[in-house]
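An overview of the molecular structure
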Amino acid sequence: MAKILPLRLGVNIDHFATLRNARKEGFPSITQAATMAISAGADMVVCHLREDRRHINDDDLYLLKKVVVKDLDLEMALRDDVIKISLDVKPDKVTIVPERREEVTTEGGLDVKKHFDQLKDLIKEYKKEKIETFLFVEPDIEIIELAAKLGADGVELHTGRYSRAKGKDVIHEYKRIKIAAEKGSESGLLVAAGHGLDYQNSALICTIPQIFELNIGFSIISRALFVGFENAIRQMKDIMMLNRNCS
Ligand code: PXP
């Protein structure tokens, strides 16, 4: 039987920055969002420094590094400027994602094969700086094998297709994630999951024992508008704990 790992929650706070940027008034505060997330039970603060800086910007990232004492995850694309900043800020973890300027949110998994050599060098550099590297990938066995070959610390499985699935496709997509998680764990990778997870669909993902972390943004921030940010996080943690115990 697979060992059941404790399940952690990473909360993506980009949407606070999106709201702030809409009026350019300097609020809501990104650092307040980060400290509140942790006090409400988040295990990690997640942010994405995009090419167009459409949500957090470079200054936010430096400030976040100061207030998030442990477990800051920087999602980032393979862009020279962002790589340079990441090596200066030194978050606890980076998650390498694909990025297209015109997308609303991260649409697919990273093309690990195409970027193999660059990733190999970069992972070595991050290891030297004691920064964990995760690759945001589709739940696909071949890609997981490549990630392990690269010496990445872990993979974050893209749950976008699972989250959008309807009817019997839900089980099909769930099985793809489960098989990929098993493969990742067998290959010595830490396995996280994220994208499109909400207060309903995350339940099934929590039952996969090899998954140790969920990274969630939009559904938590949306619920926060009605019940408050701390309550929204606590409610998600409750769902995670309840369903983890059903593994
Ligand atoms: N994980 C990664 C790698 C992402 O790019 C995103 C979106 O920023 C998320 C998780 C969170 O997705 P959502 O906002 O749909 O919960």
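This is a predicted model, so every value here is computed, not measured.

1. A few points about the side chain of His-55
Along the chain, His-55 falls in the loop between strand S2 (44–48) and helix H3 (58–67). Accessibility expressed as a relative area gives 9% for His-55, which makes it buried. Those residues in contact with His-55 that sit more than four places away from it in its chain are Asp-14, Ala-17, Thr-18, Arg-20, Asn-21, His-48, Arg-50 and Asp-60.

2. Observations concerning the pattern of salt bridges
Enumeration according to the criterion identifies 17 salt bridges in this entry. For Asp-71, the salt bridge is made with Arg-8, and the minimal N-O distance between the two is 3.3 Å. Of the two residues, Asp-71 is situated in the loop between H3 and strand S3 (72–76) and Arg-8 in strand S1 (residues 8–12); the sequence distance between them amounts to 63 residues. Notably, a salt bridge pairs Glu-145 with Lys-183, separated by 3.3 Å at the nearest N-O pair. One end of the pair, Glu-145, is in helix H6 (residues 141–150); the other, Lys-183, is in helix H8 (residues 169–186), with 38 residues separating them in the sequence. Overlapping salt bridges bring together Arg-8, Lys-70, Asp-71, Lys-93 and Glu-213 as one network.

3. Here's the deal with the site of the ligand
Thr-106, Glu-156, Gly-196, Gly-217 and Phe-218 are the nearest of the 13 residues found near the ligand. At a separation of 3.5 Å, an oxygen atom of the ligand approaches a polar side-chain atom of Asn-12. The backbone of Gly-196 places a nitrogen or oxygen atom 2.8 Å from an oxygen atom of the ligand. About the coverage of the ligand: the protein hides 92% of its 400 Å² of free accessible area. The cavity where the ligand resides is the largest pocket. Across the shell around the ligand, the residue classes break down as four nonpolar, seven polar and two charged.

Definitions and limits used
- Residues numbered from 1 in each chain as written.
- Predicted model: local features only at pLDDT ≥ 70, side-chain atom pairs only at ≥ 80, totals over all residues.
- Heavy atoms only, no water.
- Helix = DSSP H or I, 4+ residues; strand = E, 2+ residues; numbered from the N terminus.
- Buried < 20%, exposed > 50% of the residue type's maximum accessible area, 1.4 Å probe, protein only.
- Contact = heavy atoms within 4.5 Å.
- Salt bridge = Lys/Arg side-chain N within 4 Å of Asp/Glu carboxyl O.
- Near = heavy atom within 4 Å.
- Polar contact = N/O pair within 3.5 Å; in protein donor to acceptor, adjacent residues only side chain to side chain.
- Areas by Shrake-Rupley, 256 points an atom, 1.4 Å probe, with all protein chains shown as cover.
- 1 Å grid on protein atoms, 1.4 Å probe; cavity = no way out; pocket = protein on both sides within 12 Å on 5 of 7 lines; lining within 4 Å.
- Sits in = over half its atoms within 2 Å of the grid points.
- Nonpolar A, V, L, I, M, F, W, Y, C, P; charged D, E, K, R; others polar.

It is worth stressing that arrangement in space is one thing and function is another; only the former is reported here.
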